[in-house]
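Close look at the chain arrangement
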Amino acid sequence: HTYIFAMSAEKAKAESARMQQETHLNVLERRYVALRDAFTKEQTEKKKALSDCESIKSEKAEVASKLSAADSNVAALNGALKALQAKFDEQGRANKDQEERNDRNLLERDKLHAEIERLTSLYDSSLVQVRGLQSSLVESEASAAAPQAALANMQSQRDMYMKQA
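Let me begin by describing the structure that accompanies this report. (Residues numbered from 1 in each chain as written. Predicted model: local features only at pLDDT ≥ 70, side-chain atom pairs only at ≥ 80, totals over all residues. Heavy atoms only, no water.)

Some points on the overall build of the protein
Selection rule: Secondary structure elements are defined from DSSP: runs of H or I of at least 4 residues count as helices, runs of E of at least 2 residues count as strands, and each element is numbered from the N terminus. Put simply, the radius of gyration uses C-alpha atoms, and a globule should come to 2.2 Å times the residue count raised to 0.38. We call a residue buried when its accessible area falls under 20% of the maximum for its residue type, exposed when it is over 50%, and partly exposed in between, using a 1.4 Å probe and counting protein chains only.
Across its full length, the protein holds one helix and zero strands. Scaling as 2.2 N^0.38, a compact globule of 165 residues should have a C-alpha radius of gyration of about 15 Å, whereas the protein reaches 68 Å, well beyond that. Expressed along its principal axes, the backbone C-alpha trace of the protein runs to roughly 230 × 20 × 20 Å. Here the protein, with 165 residues, has 0% of them falling under the buried criterion.

Section: the pattern of salt bridges
Defined as follows: By definition, a salt bridge exists where a carboxyl oxygen of Asp or Glu is found within 4 Å of a side-chain nitrogen of Lys or Arg.
The final tally for this structure, using the stated rule, is 10 salt bridges. Between R18 and E15 there is a salt bridge, with its nearest N and O atoms 3.2 Å apart. With R18 and E15 both in helix α1 (residues 2–164) and three residues apart, this pair spans about one turn of that helix. By relative accessible area, which is 43% here, R18 ends up partly exposed. With a closest N to O distance of 3.2 Å, K48 and D52 form a salt bridge. Separated by four residues within a single helix, K48 and D52 lie in helix α1, roughly one turn from each other. Judged by relative accessible area, which is 52%, K48 ranks as exposed. Residues joined in a network through salt bridges with shared partners are E15, R18 and E22.

With respect to a negative patch on the surface
The following threshold applies: Residues qualify for a patch when their relative accessible area is over 30% and they have no salt bridge, like charges being joined within 9 Å and the nonpolar side chains of Val, Leu, Ile, Met, Phe, Trp and Tyr within 5 Å. In short, Shrake-Rupley with a 1.4 Å probe defines the accessible areas, and a residue's cover is counted only from the protein chains shown. As used throughout, the charge tally considers Lys and Arg to be positive and Asp and Glu to be negative, leaving His and the chain termini uncounted. All charge positions are set by atom: Lys at NZ, Arg at CZ, Asp at CG, Glu at CD.
A cluster of acidic residues, D97, E99, E100 and D103, forms a negative patch at the surface. Tracing the backbone through its elements, the reader meets D97 in helix α1. Classification of D97 by relative accessible area gives partly exposed; the value is 38%.

Distances and angles like these do not, on their own, reveal function.
Here it is in structure tokens:
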């Protein structure tokens with residue numbers, strides 16, 4: 001009996017130890033599963049982070065390429081702007097020169113108009129003088145014609161006397 005009792009106690013002890021071991025195994029399995037899941041999650045996150053890093057590197061390279069192209073465009077636009085500014089400055093100088101020529105031409109035109117007015121006035125006064133002289137000449141011719149007519153009349157009378165004599 002004691003042997004059975006001792007065996008039963010031993011069996012119960014072994015059973016208890018087995019249950020403790022099972023419980024401990026279950027705890028270890030749960031910890032293993034939790035650690036495995038955490039590790040898997042961490043690995044997934046690392047892979048995603050690496051993928052994100054690669055995407056960022058790719059985007060960075062693309063942005064650098066676009067930035068380089070934009071820098072080239074800015075340089076080209078600056079060159080074009082300088083060329084336009086030079087043309088604008090040249091046109092401004094040409095316009096200024098043209099304005100100066102126009103001003104000189106206007107002064108010359110004003111001088112010519114003044115000279116035309118002076119000559120027109122001189123012509124008008126000369127014309128008045130010529131008409132006055134023509135009128136005086138007509139009067140002089142008229143007054144010279146009377147003595148000539150008298151002289152011709154006297155010569156005609158003299159010729160008649162000479163014929164009679």
